[in-house]
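Each chain, written out:
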Amino acid sequence: MEKQEENYKIIYIDEEKMDKEENNACKRRKSRVLVTLIIGLLVTCYYIFVVELCIFTVPSQELKATFLVMFHILFLLCMWSYLRVVITPPAVPPETFRLSESDKQLYLSEESPEVQEQILSRAAKNLPLYYNIDSKTPIKYCRKCQFIKPDRCHHCTACDICILKVDHHCVFLNNCVGFSNYKFFLLFLLYVPLLLIFTSAVSLYCSILFWTGQVTNMDSKDSVIALFCMSTMFCIIFCYRYIYEHYSLVLMNDTLLEFNEGIHCKYNPYDLGYRKNWRQVFGNKKRYWFIPIFSSLGDGSSFPLGDAKEDIEKNGAIDCQTSK
Ligand SMILES: [Zn+2]
Ligand SMILES: [Zn+2]
(Lines give C-alpha, C1' and ligand atoms only; values in the text may rest on other atoms or scores of the structure.)
(Ligands and ions follow the chains in the order given, each with its own letter.)
Protein backbone atom coordinates (compact mmCIF):
# COMPACT_ATOMS: atom_id res chain seq x y z
CA MET A 1 0.00 0.00 0.00
CA GLU A 2 2.83 2.36 0.96
CA LYS A 3 4.68 1.48 -2.23
CA GLN A 4 1.53 2.24 -4.27
CA GLU A 5 1.26 5.66 -2.61
CA GLU A 6 4.92 6.29 -3.35
CA ASN A 7 4.32 5.38 -7.02
CA TYR A 8 1.38 7.83 -7.23
CA LYS A 9 3.61 10.48 -5.71
CA ILE A 10 6.32 9.87 -8.33
CA ILE A 11 3.75 9.92 -11.16
CA TYR A 12 2.24 13.15 -9.76
CA ILE A 13 5.67 14.82 -9.53
CA ASP A 14 6.52 13.66 -13.08
CA GLU A 15 3.19 15.00 -14.41
CA GLU A 16 3.72 18.30 -12.62
CA LYS A 17 7.21 18.54 -14.10
CA MET A 18 5.88 17.73 -17.58
CA ASP A 19 3.12 20.37 -17.21
CA LYS A 20 5.71 22.95 -16.25
CA GLU A 21 7.96 22.04 -19.16
CA GLU A 22 5.01 22.11 -21.57
CA ASN A 23 3.95 25.47 -20.17
CA ASN A 24 7.45 26.87 -20.62
CA ALA A 25 7.69 25.49 -24.17
CA CYS A 26 4.30 27.10 -24.93
CA LYS A 27 5.54 30.44 -23.53
CA ARG A 28 8.67 30.22 -25.67
CA ARG A 29 6.57 29.46 -28.80
CA LYS A 30 4.33 32.47 -28.06
CA SER A 31 7.41 34.65 -27.56
CA ARG A 32 8.85 33.55 -30.90
CA VAL A 33 5.54 34.49 -32.59
CA LEU A 34 5.65 37.91 -30.86
CA VAL A 35 9.26 38.49 -31.96
CA THR A 36 8.28 37.61 -35.58
CA LEU A 37 5.27 39.99 -35.35
CA ILE A 38 7.47 42.84 -34.04
CA ILE A 39 10.02 42.32 -36.83
CA GLY A 40 7.13 42.18 -39.36
CA LEU A 41 5.70 45.44 -37.99
CA LEU A 42 9.12 47.13 -38.18
CA VAL A 43 9.61 45.97 -41.79
CA THR A 44 6.11 47.26 -42.75
CA CYS A 45 6.80 50.66 -41.13
CA TYR A 46 10.16 50.76 -42.88
CA TYR A 47 8.51 50.14 -46.27
CA ILE A 48 5.79 52.78 -45.72
CA PHE A 49 8.27 55.41 -44.56
CA VAL A 50 10.94 54.87 -47.21
CA VAL A 51 8.83 54.01 -50.26
CA GLU A 52 5.32 55.45 -49.78
CA LEU A 53 6.29 58.52 -47.76
CA CYS A 54 9.79 59.60 -48.82
CA ILE A 55 9.97 58.38 -52.41
CA PHE A 56 6.31 58.87 -53.53
CA THR A 57 5.11 61.76 -51.35
CA VAL A 58 7.83 64.23 -50.20
CA PRO A 59 8.20 66.75 -53.08
CA SER A 60 11.61 68.29 -52.22
CA GLN A 61 14.81 66.32 -52.98
CA GLU A 62 16.70 67.92 -50.04
CA LEU A 63 13.94 66.99 -47.59
CA LYS A 64 13.80 63.47 -49.01
CA ALA A 65 17.55 63.00 -48.40
CA THR A 66 17.39 64.53 -44.88
CA PHE A 67 14.41 62.36 -43.85
CA LEU A 68 16.01 59.20 -45.25
CA VAL A 69 19.37 59.75 -43.55
CA MET A 70 17.83 60.59 -40.14
CA PHE A 71 15.35 57.71 -40.37
CA HIS A 72 18.05 55.18 -41.28
CA ILE A 73 20.34 56.26 -38.42
CA LEU A 74 17.53 55.85 -35.87
CA PHE A 75 16.23 52.65 -37.49
CA LEU A 76 19.71 51.11 -37.48
CA LEU A 77 20.23 51.98 -33.79
CA CYS A 78 16.81 50.54 -32.94
CA MET A 79 17.37 47.28 -34.80
CA TRP A 80 20.93 46.98 -33.50
CA SER A 81 19.80 47.37 -29.87
CA TYR A 82 16.80 45.07 -30.38
CA LEU A 83 18.84 42.28 -31.97
CA ARG A 84 21.53 42.57 -29.29
CA VAL A 85 18.92 42.12 -26.53
CA VAL A 86 17.34 39.18 -28.33
CA ILE A 87 20.51 37.29 -29.31
CA THR A 88 22.74 38.03 -26.29
CA PRO A 89 22.53 34.96 -24.04
CA PRO A 90 21.81 35.80 -20.39
CA ALA A 91 24.89 35.66 -18.15
CA VAL A 92 24.97 32.66 -15.84
CA PRO A 93 26.93 32.38 -12.56
CA PRO A 94 30.66 31.55 -12.91
CA GLU A 95 31.83 28.03 -12.13
CA THR A 96 33.27 29.17 -8.79
CA PHE A 97 29.66 29.39 -7.57
CA ARG A 98 28.92 25.78 -8.49
CA LEU A 99 28.79 23.35 -5.58
CA SER A 100 31.59 20.75 -5.77
CA GLU A 101 30.52 17.16 -6.45
CA SER A 102 31.35 16.04 -2.88
CA ASP A 103 29.44 18.98 -1.33
CA LYS A 104 26.51 18.33 -3.66
CA GLN A 105 26.29 14.67 -2.64
CA LEU A 106 26.57 15.69 1.00
CA TYR A 107 23.87 18.35 0.56
CA LEU A 108 21.48 15.95 -1.21
CA SER A 109 21.96 13.17 1.32
CA GLU A 110 21.30 15.52 4.21
CA GLU A 111 17.70 16.05 5.34
CA SER A 112 18.17 18.58 8.09
CA PRO A 113 17.86 22.18 6.75
CA GLU A 114 20.28 23.41 9.41
CA VAL A 115 23.02 21.00 8.30
CA GLN A 116 22.28 21.81 4.64
CA GLU A 117 22.72 25.49 5.49
CA GLN A 118 26.03 24.69 7.17
CA ILE A 119 27.24 22.85 4.03
CA LEU A 120 26.27 25.85 1.89
CA SER A 121 27.86 28.32 4.30
CA ARG A 122 31.12 26.39 4.23
CA ALA A 123 31.10 26.18 0.42
CA ALA A 124 30.27 29.90 0.13
CA LYS A 125 32.94 31.01 2.58
CA ASN A 126 35.22 32.58 -0.04
CA LEU A 127 32.50 33.78 -2.41
CA PRO A 128 31.56 37.48 -2.62
CA LEU A 129 28.03 37.15 -1.26
CA TYR A 130 27.04 40.56 0.04
CA TYR A 131 23.51 39.53 0.93
CA ASN A 132 25.09 37.16 3.43
CA ILE A 133 27.49 39.74 4.85
CA ASP A 134 25.64 39.83 8.18
CA SER A 135 25.51 35.96 8.18
CA LYS A 136 21.80 36.22 9.02
CA THR A 137 20.45 35.95 5.48
CA PRO A 138 20.50 32.29 4.40
CA ILE A 139 22.65 31.23 1.46
CA LYS A 140 20.53 30.95 -1.72
CA TYR A 141 21.04 27.71 -3.59
CA CYS A 142 19.48 26.62 -6.90
CA ARG A 143 18.96 22.87 -6.84
CA LYS A 144 18.27 22.79 -10.55
CA CYS A 145 21.43 24.60 -11.75
CA GLN A 146 23.42 23.50 -8.70
CA PHE A 147 24.75 27.00 -8.15
CA ILE A 148 25.08 29.00 -4.99
CA LYS A 149 23.25 32.05 -6.26
CA PRO A 150 25.39 35.17 -6.47
CA ASP A 151 23.96 38.44 -5.29
CA ARG A 152 20.99 39.63 -7.41
CA CYS A 153 20.91 36.30 -9.28
CA HIS A 154 17.57 34.50 -9.81
CA HIS A 155 16.39 31.35 -11.52
CA CYS A 156 14.16 32.16 -14.51
CA THR A 157 11.49 29.50 -14.96
CA ALA A 158 10.96 30.39 -18.63
CA CYS A 159 14.68 30.18 -19.57
CA ASP A 160 15.23 27.46 -16.96
CA ILE A 161 18.63 28.80 -15.87
CA CYS A 162 20.03 31.03 -13.14
CA ILE A 163 20.64 34.52 -14.51
CA LEU A 164 22.97 37.21 -13.17
CA LYS A 165 21.39 40.52 -12.12
CA VAL A 166 18.11 39.52 -13.68
CA ASP A 167 15.75 42.37 -14.49
CA HIS A 168 12.80 40.49 -15.98
CA HIS A 169 11.89 37.86 -18.56
CA CYS A 170 10.50 39.67 -21.60
CA VAL A 171 8.03 37.86 -23.88
CA PHE A 172 8.49 40.49 -26.61
CA LEU A 173 12.19 39.66 -26.73
CA ASN A 174 11.91 35.92 -26.08
CA ASN A 175 14.82 36.37 -23.68
CA CYS A 176 15.68 37.34 -20.16
CA VAL A 177 16.92 40.85 -19.55
CA GLY A 178 19.85 40.60 -17.18
CA PHE A 179 23.42 41.71 -16.61
CA SER A 180 24.66 40.77 -20.13
CA ASN A 181 21.98 42.63 -22.14
CA TYR A 182 20.47 45.23 -19.76
CA LYS A 183 22.24 48.14 -21.48
CA PHE A 184 20.97 47.02 -24.93
CA PHE A 185 17.43 46.81 -23.54
CA LEU A 186 17.63 50.36 -22.17
CA LEU A 187 18.99 51.68 -25.46
CA PHE A 188 16.18 49.92 -27.31
CA LEU A 189 13.70 51.66 -24.99
CA LEU A 190 15.36 54.98 -25.83
CA TYR A 191 15.72 54.64 -29.61
CA VAL A 192 12.23 53.27 -30.27
CA PRO A 193 10.41 56.42 -29.03
CA LEU A 194 12.97 58.64 -30.83
CA LEU A 195 12.27 56.78 -34.07
CA LEU A 196 8.52 56.94 -33.40
CA ILE A 197 8.60 60.69 -32.66
CA PHE A 198 10.53 61.31 -35.86
CA THR A 199 8.23 59.05 -37.94
CA SER A 200 5.14 60.62 -36.39
CA ALA A 201 6.35 64.18 -37.12
CA VAL A 202 7.31 63.42 -40.73
CA SER A 203 4.07 61.50 -41.46
CA LEU A 204 2.07 64.38 -39.92
CA TYR A 205 3.91 66.78 -42.22
CA CYS A 206 3.03 64.59 -45.23
CA SER A 207 -0.60 64.22 -44.08
CA ILE A 208 -0.83 68.05 -44.05
CA LEU A 209 0.58 68.07 -47.61
CA PHE A 210 -2.25 65.70 -48.64
CA TRP A 211 -4.97 67.73 -46.88
CA THR A 212 -3.78 71.06 -48.34
CA GLY A 213 -3.57 69.58 -51.85
CA GLN A 214 0.20 70.14 -52.23
CA VAL A 215 0.67 66.53 -53.36
CA THR A 216 -1.04 65.33 -56.52
CA ASN A 217 -0.34 61.58 -56.11
CA MET A 218 -2.92 60.45 -53.54
CA ASP A 219 -2.10 56.70 -53.74
CA SER A 220 0.03 56.75 -50.57
CA LYS A 221 -2.40 58.85 -48.50
CA ASP A 222 -3.97 55.98 -46.51
CA SER A 223 -0.67 54.29 -45.64
CA VAL A 224 0.93 57.58 -44.56
CA ILE A 225 -2.03 58.43 -42.29
CA ALA A 226 -1.95 54.86 -40.90
CA LEU A 227 1.79 55.29 -40.21
CA PHE A 228 1.10 58.56 -38.36
CA CYS A 229 -1.61 56.96 -36.17
CA MET A 230 0.49 53.86 -35.43
CA SER A 231 3.73 55.72 -34.60
CA THR A 232 1.93 58.28 -32.40
CA MET A 233 0.06 55.57 -30.49
CA PHE A 234 3.14 53.40 -29.88
CA CYS A 235 5.19 56.46 -28.93
CA ILE A 236 2.71 57.43 -26.19
CA ILE A 237 2.64 53.83 -24.89
CA PHE A 238 6.44 53.56 -24.85
CA CYS A 239 7.06 56.91 -23.16
CA TYR A 240 4.28 56.48 -20.63
CA ARG A 241 4.77 52.81 -19.81
CA TYR A 242 8.45 51.98 -20.17
CA ILE A 243 10.94 54.85 -20.37
CA TYR A 244 10.25 56.54 -17.04
CA GLU A 245 9.96 53.26 -15.15
CA HIS A 246 13.16 51.62 -16.44
CA TYR A 247 15.40 54.70 -16.46
CA SER A 248 14.38 55.66 -12.92
CA LEU A 249 15.29 52.12 -11.82
CA VAL A 250 18.74 52.51 -13.44
CA LEU A 251 19.29 55.72 -11.48
CA MET A 252 18.27 53.95 -8.25
CA ASN A 253 20.35 50.84 -9.12
CA ASP A 254 17.32 48.61 -8.70
CA THR A 255 16.17 45.87 -11.06
CA LEU A 256 12.53 45.50 -12.05
CA LEU A 257 12.34 42.19 -10.18
CA GLU A 258 13.80 43.71 -6.99
CA PHE A 259 11.46 46.69 -7.32
CA ASN A 260 8.33 44.57 -7.91
CA GLU A 261 9.13 42.24 -5.03
CA GLY A 262 9.97 45.16 -2.74
CA ILE A 263 13.37 43.66 -1.96
CA HIS A 264 14.97 47.06 -1.40
CA CYS A 265 11.90 48.84 -0.09
CA LYS A 266 13.67 49.89 3.11
CA TYR A 267 17.26 49.95 2.07
CA ASN A 268 19.18 49.50 -1.18
CA PRO A 269 22.81 48.55 -0.51
CA TYR A 270 23.71 48.91 -4.21
CA ASP A 271 22.62 52.54 -4.46
CA LEU A 272 25.84 54.45 -5.14
CA GLY A 273 24.24 57.73 -6.17
CA TYR A 274 22.73 58.66 -9.57
CA ARG A 275 26.01 59.13 -11.43
CA LYS A 276 27.70 55.94 -10.25
CA ASN A 277 24.48 53.95 -10.68
CA TRP A 278 24.26 55.12 -14.29
CA ARG A 279 27.90 54.16 -14.87
CA GLN A 280 27.31 50.68 -13.45
CA VAL A 281 25.10 49.98 -16.48
CA PHE A 282 26.49 52.29 -19.18
CA GLY A 283 30.17 52.20 -18.23
CA ASN A 284 32.82 54.81 -17.57
CA LYS A 285 33.53 55.76 -21.19
CA LYS A 286 30.97 58.32 -22.32
CA ARG A 287 31.58 57.61 -26.02
CA TYR A 288 30.09 54.10 -25.60
CA TRP A 289 27.03 55.13 -23.59
CA PHE A 290 24.61 55.35 -26.50
CA ILE A 291 26.07 52.65 -28.73
CA PRO A 292 24.72 49.08 -28.38
CA ILE A 293 28.04 47.56 -27.36
CA PHE A 294 28.65 46.05 -23.94
CA SER A 295 30.22 48.56 -21.54
CA SER A 296 28.63 47.76 -18.16
CA LEU A 297 30.93 47.65 -15.15
CA GLY A 298 31.68 44.56 -13.09
CA ASP A 299 31.17 40.86 -13.67
CA GLY A 300 27.48 40.55 -12.72
CA SER A 301 28.16 38.29 -9.75
CA SER A 302 29.42 40.87 -7.26
CA PHE A 303 28.50 44.52 -6.91
CA PRO A 304 30.07 47.51 -5.20
CA LEU A 305 28.38 48.59 -2.00
CA GLY A 306 30.35 51.75 -1.31
CA ASP A 307 29.51 53.35 2.02
CA ALA A 308 26.55 51.03 2.34
CA LYS A 309 28.82 48.19 3.48
CA GLU A 310 29.36 49.85 6.86
CA ASP A 311 25.61 50.45 7.25
CA ILE A 312 24.85 46.81 6.53
CA GLU A 313 27.35 45.60 9.08
CA LYS A 314 25.85 48.06 11.56
CA ASN A 315 22.18 47.50 10.79
CA GLY A 316 22.41 43.90 9.64
CA ALA A 317 19.63 44.47 7.12
CA ILE A 318 19.77 44.33 3.37
CA ASP A 319 16.48 42.84 2.28
CA CYS A 320 13.19 43.75 3.87
CA GLN A 321 11.76 40.36 3.09
CA THR A 322 13.28 36.92 3.17
CA SER A 323 15.31 36.35 0.03
CA LYS A 324 14.31 33.55 -2.22
ZN1 LIG B 1 18.86 27.96 -11.38
ZN1 LIG C 1 14.07 34.12 -18.75
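Residues numbered from 1 in each chain as written. Chains lettered and ligands numbered in written order. Predicted model: local features only at pLDDT ≥ 70, side-chain atom pairs only at ≥ 80, totals over all residues.

With an unreviewed UniProt entry as reference, the protein is termed Palmitoyltransferase, source organism Xenopus laevis. In the Subcellular location (unreviewed entry) part of its UniProt record, the protein is described as follows: "Membrane". For the record of the protein, the UniProt heading Sequence similarities (unreviewed entry) holds the text "Belongs to the DHHC palmitoyltransferase family." (UniProt positions renumbered as here; feature names shortened; annotations may be inferred.)

Student: Can you help me understand the overall build of the protein in this one?
Tutor: Of the regular secondary structure elements, the protein holds nine helices and six strands. Here the protein, with 324 residues, has 28% of them falling under the buried criterion. Restricting the contact set of the protein to residue pairs at least 6 apart, pairs at least 24 apart contribute 66%. (Helix = DSSP H or I, 4+ residues; strand = E, 2+ residues; numbered from the N terminus. Buried ≥ 20, exposed ≤ 12 C-beta atoms within 10 Å, placed from the backbone. Contact = placed C-beta atoms within 7 Å.)

Student: Sorry, what's going on with the packing of helix α5 (residues 182–211) against helix α6 (residues 221–252) here?
Tutor: Packed helices, taken two at a time, are described by the angle their axes make and the gap between the axes. Two elements in contact, α5 and α6, have axes separated by 7 Å at closest approach and are oriented at 150°. The pairing of α5 with α6 is recorded here as roughly antiparallel in orientation. Like other packed secondary-structure pairs, α5 and α6 cross with a definite hand, here left-handed. Counted by class, the contact of α5 with α6 contains 20 nonpolar, seven polar and one charged residues. (Axes fitted to C-alpha atoms, helices over the stretch in contact; angles between N-to-C directions. Parallel < 35°, antiparallel > 145°, perpendicular 65-115°, else oblique. Left-handed = near helix turned anticlockwise from the far one by under 90°. Nonpolar A, V, L, I, M, F, W, Y, C, P; charged D, E, K, R; others polar.)

Student: Help me out: how do you make sense of unusual backbone geometry in this one?
Tutor: Across the chain, the bulk of peptide bonds are trans and the bulk of non-glycine residues have phi less than zero. For R152, which is not a glycine, the phi torsion comes out positive at approximately 65°. Relative to the elements of secondary structure, R152 occurs in the loop between β2 (147–148) and β3 (154–156). The exposure class of R152 is buried, given the 24 C-beta atoms found within 10 Å. Despite not being glycine, N174 shows a phi value in the positive range, around 55°. Along the polypeptide, N174 turns up in the loop between β5 (168–170) and β6 (175–177). Judged by C-beta crowding, with 22 C-beta atoms within 10 Å, N174 ranks as buried.

Student: Explanation requested: the packing of α6 against helix α8 (residues 274–282) in the structure shown.
Tutor: α8 packs onto α6 with a crossing angle of 110° between their chain directions and a minimal axis gap of 6 Å. When the interaxial angle is binned, α6 and α8 end up roughly perpendicular. Across the interface between the two elements, V250, L251 and M252 of α6 pack against Y274, N277, W278 and V281 of α8.

Student: Help me understand the environment of S223 in this model?
Tutor: Structurally, the position occupied by S223 is in helix α6. The sequence separation of S223 and S203 amounts to 20 residues, and the corresponding C-alpha distance is 9.6 Å. When neighbours within four sequence positions are excluded, S223 is seen to be in contact with I48 and E52.

Student: How do you make sense of helix α2 (residues 61–87) when you look at a structure like this?
Tutor: Given 3.6 residues to a turn, an α-helix orients residues that are three or four positions apart in the same direction. Relative to the 39 Å expected for 27 residues at 1.5 Å per residue, α2 spans 38 Å between its end C-alpha atoms, a close match to the ideal helical length. Residues of α2 that are buried: F67, F71, L77, C78, S81, Y82, V85 and V86. (Expected span 1.5 Å × (residues − 1).)

Student: Hey, could you run me through the UniProt feature "transmembrane region" (unreviewed entry) in the protein in this one?
Tutor: According to UniProt, the positions carrying the feature "transmembrane region" (unreviewed entry) are residues 33–59, 65–83, 184–211 and 223–243. Helix makes up 100% of residues 65–83 and strand 0%, with an end-to-end C-alpha separation of 26 Å. Along residues 184–211 the backbone is 100% helical and 0% strand, and the end-to-end C-alpha distance reaches 40 Å.

Student: How should the nonpolar core be read in this particular structure?
Tutor: Within soluble globular proteins, side chains that are nonpolar tend to cluster in buried spots. If you look at the biggest cluster of nonpolar residues, it comprises 39 residues, and the most contacted ones within it are C78, V85, I148, I163, F185, F188 and Y191. Elements with a contribution of two residues or more to this core: α2, β2, β4 (161–163), β6, α5 and α8. If one sorts the elements of this core by residue count, α5 sits on top with ten residues. When residues of this core are assigned to domains, at least three map to each of domain 1 (2–87 + 186–315) and domain 2 (95–149). For V85, the contacting residues outside a window of four places in its chain are L173, N175, V177, N181, F184, F185 and F188. One finds C45, L53, F67 and F71 within the second-largest nonpolar core, a separate group that totals twelve residues. (Core = buried A, V, L, I, M, F, W, Y, C linked by C-beta atoms within 7 Å. Domains from an automatic or database assignment.)

Student: I'm lost on the environment of P90 in this one. Help?
Tutor: By the element assignment, P90 lies in the loop between α2 and α3 (101–109). With 86 residues separating them in the primary sequence, P90 and C176 have C-alpha atoms 6.3 Å apart. The contacts of P90, once residues within four sequence positions are left out, are C159, I161, I163, N175, C176, G178 and S180.

Student: Explanation requested: the environment of I208 in the structure shown.
Tutor: Tracing the backbone shows I208 in helix α5. Note: C-alpha distance between I208 and I225 (17 residues apart in sequence) is 9.9 Å.

Student: Quick question: what am I supposed to make of the confidence of the model for the protein here?
Tutor: Of all residues in the protein, 86% have pLDDT values of 70 or greater, and the mean over the chain is 82. Contacts from residues 316–324, a stretch scored under 50 in pLDDT, to residues over four places away or in other chains number 21 contacts. (pLDDT = per-residue confidence, 0-100.)

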